[in-house]
Amino acid sequence: MPRAGLTPDRLVAAAADLADEVGFDNVTLSALARRFGVKDASLYSHVKNLHDLRTRVALLAGGEMIDRIAGAVAGRAGKEALAGFAGAYRAYALRHPGRYAATQLPVDPDLLAGTPAFRRTAEITYGMLRAYGLEEPDLTDAVRLLRSTFHGYCALEAGGGFGAPRDVQRSWEKAIDALHTALTHWPREE
């Protein structure tokens, strides 16, 4: 019988908080059980295993992140939308490092495709890029460019990888300017 007060949603939220505190790779069922003052076995009524828990954290974090991005791009287009999208992405990654790491977890494509957050992410991202006049296969290429740029920048910033005296925020703004220029002058697929 499930322990009173424990639910899958509470466990996932606590695991996401734990990930931000100790790092996503350090989230274990034992650590989560200790947080609730229960034995590890008590969690198996709510999650199948560690992989299931981590997948649920990834889905939670992806939903949170796209909610913030959606708010940042609402009513904007072109460079303003790109800057809003990028800024919300970066802010989430830096404020929630464990949750952000969870968003990089490979998730079963069938499971992912069935989530509202995934559909919303695709709609918002592709909608922003269509304002640049992009269609497939260029949309996919542009998404990959943005994701790799944003992720790389955030990973380097979070890890203290920018040692030059140049202001990191100013470099970020220049990166957004460069991405806007690249998207505006995208080499279209023939």
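**Student:** Looking at this structure, I do not really get the packing of aromatic side chains. What am I missing?
**Tutor:** We describe a pair of aromatic rings using the distance from one ring centre to the other and the angle between the two ring planes. Considering all chains together, one arrives at 6 aromatic pairs under this definition. For the pair F85 and F150, a centre-to-centre distance of 6.1 Å together with 35 degrees between the ring planes defines the contact as tilted. You can see F85 sitting in helix 4 (residues 78-95) and its partner F150 sitting in helix 8 (residues 138-158), a full 65 residues away along the chain. On the basis of relative accessible area, F85 is assigned to the buried category, the value being 7%. Residue classification places F150 among the buried positions, given a relative accessible area of 1%.

**Student:** Looking at this structure, how should I read the packing of helix 3 (residues 50-73) against helix 7 (residues 116-130)?
**Tutor:** At their nearest, the axes of helix 3 and helix 7 sit 9 Å apart, and the two run at 30 degrees to each other. By the angle class used here, helix 3 and helix 7 are roughly parallel. Seen from above, helix 3 lies across helix 7 with left-handed handedness. Across from G62, G63, I66, D67, I69, A70 and V73 in helix 3, the residues of helix 7 making contact are A117, R120, T121 and I124. Here the contact of helix 3 with helix 7 is composed, by residue class, of 6 nonpolar, 3 polar and 2 charged.

**Student:** Help me understand the packing of helix 1 (residues 8-22) against helix 3 in this model?
**Tutor:** Relative orientation and spacing of two packed helices are given, respectively, by the angle between their axes and the distance between those axes. Helix 3 packs onto helix 1 with a crossing angle of 80 degrees between their chain directions and a minimal axis gap of 9 Å. With respect to helix 3, the axis of helix 1 lies roughly perpendicular. Along its contact with helix 1, which presents P8, L11, V12, A13, A15 and A16, the element helix 3 presents L53, R56, V57 and L60. Residue classes in the contact of helix 1 with helix 3 are distributed as 9 nonpolar, no polar and 1 charged.

**Student:** Would you take a moment to explain the environment of R95 for this structure?
**Tutor:** With respect to the element layout, R95 can be found in helix 4. Taking C-alpha positions, R95 is 8.4 Å from D20, a pair spaced 75 residues apart along the chain.

**Student:** Just to check I follow, could you spell out the nonpolar core for this structure?
**Tutor:** Nonpolar side chains tend to gather and get buried jointly when the protein is soluble and globular. Core analysis: the largest hydrophobic core is formed by 32 residues, its most contacted members being I69, L82, L129, F150 and L183. Listing elements by their share of this core, those giving two or more residues are helix 3, helix 4, helix 7, helix 8 and helix 9 (168-184). For this core, the element with the most residues is helix 4, which contributes 8 residues. Once residues within four sequence positions are removed from consideration, L129 is found in contact with L134, L139, A142, V143, L146 and L183. Counting 22 residues, the second-largest nonpolar core is a separate cluster that includes L43, V57, A58 and A102.

**Student:** What is the right way to look at the environment of S171 in this model?
**Tutor:** Along the chain, S171 turns up in helix 9. Residue S171 is classed as partly exposed on the basis of its relative accessible area of 25%. Between the C-alpha atom of S171 and that of L18, which follows or precedes it by 153 residues, the distance is 31 Å. Leaving out residues up to four positions away in the same chain, S171 has contacts with Y153 and R166.

**Student:** Explain helix 2 (residues 29-36) here, please?
**Tutor:** Side chains of residues three or four places apart in an α-helix project in the same direction, reflecting 3.6 residues per turn. Looking only at helix 2, the buried set comprises L29, A31, L32 and A33. Where helix 2 is buried, its residues touch helix 1 and helix 3. Following helix 2 by one or two positions, G37 has its phi on the positive side, about 70 degrees.

Analysis parameters
Residues numbered from 1 in each chain as written. Predicted model: local features only at pLDDT ≥ 70, side-chain atom pairs only at ≥ 80, totals over all residues. Heavy atoms only, no water. Phe/Tyr/Trp six-rings, centres within 6.5 Å; stacked < 30°, edge-to-face > 60°. Helix = DSSP H or I, 4+ residues; strand = E, 2+ residues; numbered from the N terminus. Buried < 20%, exposed > 50% of the residue type's maximum accessible area, 1.4 Å probe, protein only. Axes fitted to C-alpha atoms, helices over the stretch in contact; angles between N-to-C directions. Parallel < 35°, antiparallel > 145°, perpendicular 65-115°, else oblique. Left-handed = near helix turned anticlockwise from the far one by under 90°. Contact = heavy atoms within 4.5 Å. Nonpolar A, V, L, I, M, F, W, Y, C, P; charged D, E, K, R; others polar. Core = buried A, V, L, I, M, F, W, Y, C linked by side-chain atoms within 4.5 Å.

Structural measurements only, silent on function.
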